[in-house]
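Each chain, written out:
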Amino acid sequence: MPVTISIPAPLRQFAAGQSQIVVEAKTAGEALDQLTSTHSALRRHLFNDQNTLRNFVNVYLNDEDIRHASGPDTPVKDGDTLMIVPSIAGGAVIESEVGQSLPELSNEEILRYSRHLIMPEVGMQGQRRLKAASVLMIGTGGLGAPVGMYLAAAGVGRIGIVDFDVVEESNLQRQIIHGTKDLGRRKIESARDRLRDINPHIEIETHESRLTSHNAMRLFRNYDIVVDGTDNFPTRYLVNDACVLSGKPNVYGSIFRFEGQASVFWAEKGACYRCLYPEPPPPGLVPSCAEGGVLGVLPGIVGAIQANETIKIILGAEALLINRLLLFDAWTMKFREFKLRKDPKCPVCGEQPTIKELIDYEEFCGMAAHQAPQPDTKLEEISATELNARRLRGDPIQIIDVREPHEFEIARIPGTKLIPLGHVVSRMNEIDSDVETIVHCKGGVRSAKAIEALKRAGFQGRLINLKGGITAWSEDVDPRVAKY
Amino acid sequence: MIRISQELLNQIREHGVRDYPYECCGLLLGRYGADGKVVKETYPISNAREESAKRNRFLIEPHELMRGERYAMNNDLEVVGFYHSHPDSPAVPSQYDLEHAWPTYSYIIVSTSAGQASDLFSWEQEPDRSRFNQEDIQCQ
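Residues numbered from 1 in each chain as written. Chains lettered and ligands numbered in written order. Predicted model: local features only at pLDDT ≥ 70, side-chain atom pairs only at ≥ 80, totals over all residues.

### Notes on the overall build of chain B
Part 1 of the reasoning: The number of helices and strands found in chain B is 3 helices and 9 strands.
Part 2 of the reasoning: Buried positions account for 46% of the 140 residues belonging to chain B.
Part 3 of the reasoning: Pairs at least 24 residues apart make up 64% of the contacts formed inside chain B by residues separated by at least 6 positions. (Helix = DSSP H or I, 4+ residues; strand = E, 2+ residues; numbered from the N terminus. Buried ≥ 20, exposed ≤ 12 C-beta atoms within 10 Å, placed from the backbone. Contact = placed C-beta atoms within 7 Å.)

Right, dumping it as structure tokens:
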């Protein structure tokens, strides 16, 4: 394809004085290679010794920065124009930052990282940068597991881990950083041991606490990059805001059932999480993985993408997931990508930010829900123990299980009737409105929704939610009922 | 050699003082001639930026430069260089500046301290990128 490259004035002396040069190429990178093979004196002004574009040199394909597309691999078509535009460096302020020398690698480390070192994109310089880098991981769950393991293996010099949980049986289906021997241990200890085993040359710092508005800024300050492996909205907004306020890149991932998302939110360079989602969803609308399930390998894939982007940030690579939201569906095995734009009205990273310090995120995520239409009547609840007592007394009650049939197969409370949440309204006539009805699910969220739906549909009988669902039943009444 | 009027030099100094303690920056618009460059206008970019922008590695982002280029083109001018200030430090380029520059452009640096501008020098990169040479400023 013939593509026109416009040559900036100061470089024309290296291109025989021409201001525009037409080359034949299929990608932007190929076009630049063509250009610099004809005019070899241009090359050193555009590319560094590692043969990548100098970081102040920007290439625009018809007004779009190719770094925001596929970098050098961005396809070009007939009639496209490539513009070469420099960014202008500042002087004094960054001097100290640039002057920092990178740590040396020992012979053992050189051997260990040899597969990195032989690639010019990493090389000695890149590996030393990895050694000099520090990354804070929020959570050592499904996402944190591959993130931590790959960053440790890659030689990221200092890894901080934040978690407050203990390892449970139901974690092991996907949280591969923990093993069966670790059941009941604190996750940060189990994770630390695993990472140390993978790579004894790195430093691991454990922070056993919940991430809060009080400790986030202090924690983030000591790291270059933050990787979000959380599973709830308050913490996700907290991580985002703290990253924006402290100027750190936030490597984001999230998972649900078979679908995953990943992006790099870096306010100085592009959109943040709030530009994408200004408001959290009402609580309960988006089920958690505990409620909706997750394919065990999915966080492995998404977390590996997060690790990949983290390493690229450290290496100074291009084509990061900045302003790009990657969507992955493990069931159909498809990747899709959305372009993101920085929102000038974003309350935290916009032109006139209203959020200048961390807020109460539980409240923020709860308050948004408060504005959503709520049923007038209060939800009536019963505990598992109470329910059992009533059953033993022979009270006339019926129990409706609103889980899915495959969950019913895993475990059930005896004497219940299964009507999955999606069918409760259409099968309302199967529920006797003259008898008190207990509704249950796995943890109590879906059953509350079922009650709300039934009330809205005009169901007249008394509806009571089983607090904690079948999980509470298993814990408090009958341990023979399997927990899942 | 770069030719520039006293008035434009003063504008650069004033911009530096106004943005202190932050770095100021802008474009030099003019024409390339056989005997060097002549500056006809300055095109300020920074206006005492927010704290967060201080962490930017780059003073002038490419989209800002493109805007300036367009303005220059419409006024039959070209970008012939850039100016920026070094608050509380000398008006000489750093190694970092060297790695992030192109030859031919003029890089004017003005040293600023509280309330006043002192040295102002112009620098041009050696075509082999090895160093910056101080460039003669011919004040018109």
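### Some points on the overall build of chain A
Part 1 of the reasoning: For chain A, the helix and strand inventory stands at 18 helices and 19 strands.
Part 2 of the reasoning: A burial count over chain A gives 39% of its 484 residues as buried.
Part 3 of the reasoning: For chain A, the proportion of contacts with a sequence separation of at least 24, taken over those separated by at least 6, is 68%.

### Things to note about the packing of helix α7 (residues 144–154) of chain A against helix α13 (residues 297–315) of chain A
Residues and elements named next belong to chain A.
Part 1 of the reasoning: Packing of α7 against α13 brings their axes to within 7 Å, and their N-to-C directions diverge by 40 degrees. Classified by the angle their axes make, α7 and α13 are oblique. Two packed elements cross with a definite hand, and for α7 against α13 that hand is right-handed. Here A145, P146, V147, Y150, L151 and A154 of α7 come into contact with α13, specifically with G300, G303, A304, Q306, A307, T310 and I311.
Part 2 of the reasoning: Looking at the contact of α7 with α13 residue by residue, the class counts come to 9 nonpolar, 4 polar and no charged. (Axes fitted to C-alpha atoms, helices over the stretch in contact; angles between N-to-C directions. Parallel < 35°, antiparallel > 145°, perpendicular 65-115°, else oblique. Left-handed = near helix turned anticlockwise from the far one by under 90°. Nonpolar A, V, L, I, M, F, W, Y, C, P; charged D, E, K, R; others polar.)

### Describing the pairing of strand β19 (residues 463–466) of chain A
Residue and element names in this part refer to chain A.
Part 1 of the reasoning: Both faces of β19 are covered, namely the face carrying L463 and N465 and the face carrying I464 and L466.
Part 2 of the reasoning: Note: strand β15 (residues 381–382) against β19, 2 bridges, orientation parallel. Paired with I382 across the bridge in β19 is L466.
Part 3 of the reasoning: Note: strand β18 (residues 436–440) against β19, 3 bridges, orientation parallel. Counted as the bridge partner of I438 is I464 from β19. (Pairing = 2+ DSSP bridges.)

### Some points on the pairing of strand β9 (residues 203–208) of chain A
All names here are of chain A.
Part 1 of the reasoning: Strand direction decides the pairing type here: strand β8 (residues 158–163) and β9, joined by 6 bridges, are parallel. Its bridge partner lying in β9, D163 is registered against E208.
Part 2 of the reasoning: With respect to chirality, the unit in which β8 leads through helix α8 (residues 187–198) into the neighbouring parallel β9 is right-handed. (Right-handed = clockwise from strand over helix to strand, strands pointing away.)

### Comments concerning the environment of F121(B)
Residue and element names in this part refer to chain B.
Part 1 of the reasoning: Tracing the backbone through its elements, the reader meets F121 in strand β7 (residues 116–125).
Part 2 of the reasoning: Look at F121 and you get partly exposed, because 17 C-beta atoms sit within 10 Å.
Part 3 of the reasoning: Taking the C-alpha atoms as reference, F121 lies 9.7 Å from Y83; in sequence the two are 38 residues apart.

### Some words on the packing of α7(A) against α8(A)
Residue and element names in this part refer to chain A.
Part 1 of the reasoning: Relative orientation of the contacting elements α7 and α8 amounts to 30 degrees, with a least axis distance of 9 Å. By the angle between their axes, α7 is roughly parallel relative to α8. For the crossing formed where α7 meets α8, the hand is right-handed. Contacts between α7 and α8 involve G148, M149, A152 and A153 from the first element and A191, L195 and I198 from the second.
Part 2 of the reasoning: Partitioned by chemical class, the residues of the contact of α7 with α8 number 6 nonpolar, 1 polar and no charged.

### Brief notes about the nonpolar core
Part 1 of the reasoning: By size, the foremost hydrophobic cluster in this structure holds 70 residues, and its most contacted members are V135(A), M137(A), V156(A), I159(A) and C272(A).
Part 2 of the reasoning: Beyond its immediate chain neighbours, meaning those up to four positions away, V135(A) contacts L151(A), V156(A), I159(A), Y223(A), D224(A), I225(A), V227(A) and T310(A). (Core = buried A, V, L, I, M, F, W, Y, C linked by C-beta atoms within 7 Å.)

### Regarding the environment of I382(A)
Residues and elements named next belong to chain A.
Part 1 of the reasoning: Position of I382 relative to the elements: it lies in strand β15.
Part 2 of the reasoning: Residue classification places I382 among the partly exposed positions, given that 19 C-beta atoms sit within 10 Å.
Part 3 of the reasoning: Non-local contacts of I382, meaning those with residues more than four positions away in its chain, are made with L387, I438, I464, L466 and K467.

### Considering helix α1 (residues 6–19) of chain B
All names here are of chain B.
Part 1 of the reasoning: For α1, spanning 14 residues, the distance from its first C-alpha to its last is 20 Å, which sits close to the expected 20 Å at 1.5 Å a residue.
Part 2 of the reasoning: Those residues of α1 that fall on the buried side of the exposure criterion are L8, L9, I12, R13, H15, G16 and D19. Taken end-on, α1 shows its buried residues confined to a sector of 155 degrees, consistent with a single buried face. In α1, the exposed positions angled more than 90 degrees off the buried face are occupied by Q6, E7 and N10. (Expected span 1.5 Å × (residues − 1). Arc of directions from axis to C-beta.)

### Overview of the sheet that holds β8(A)
All names here are of chain A.
Part 1 of the reasoning: Taken in spatial order, the 8 strands make up an open sheet running β9-β8-β7-β10-β11-β12-β13-β14, and their pairing is mixed. Edge positions in the sheet fall to β9 and β14 (334–339), since each of these pairs with one other strand and no more. Between one strand axis and the next, the sheet turns by 15 degrees as a mean value, whatever way the strands run.
Part 2 of the reasoning: One ladder, built from 4 bridges, connects strand β7 (residues 134–138) with strand β10 (residues 225–228); its direction is parallel. When the sheet's bridge partners are listed, I138 is paired in β10 with D228.

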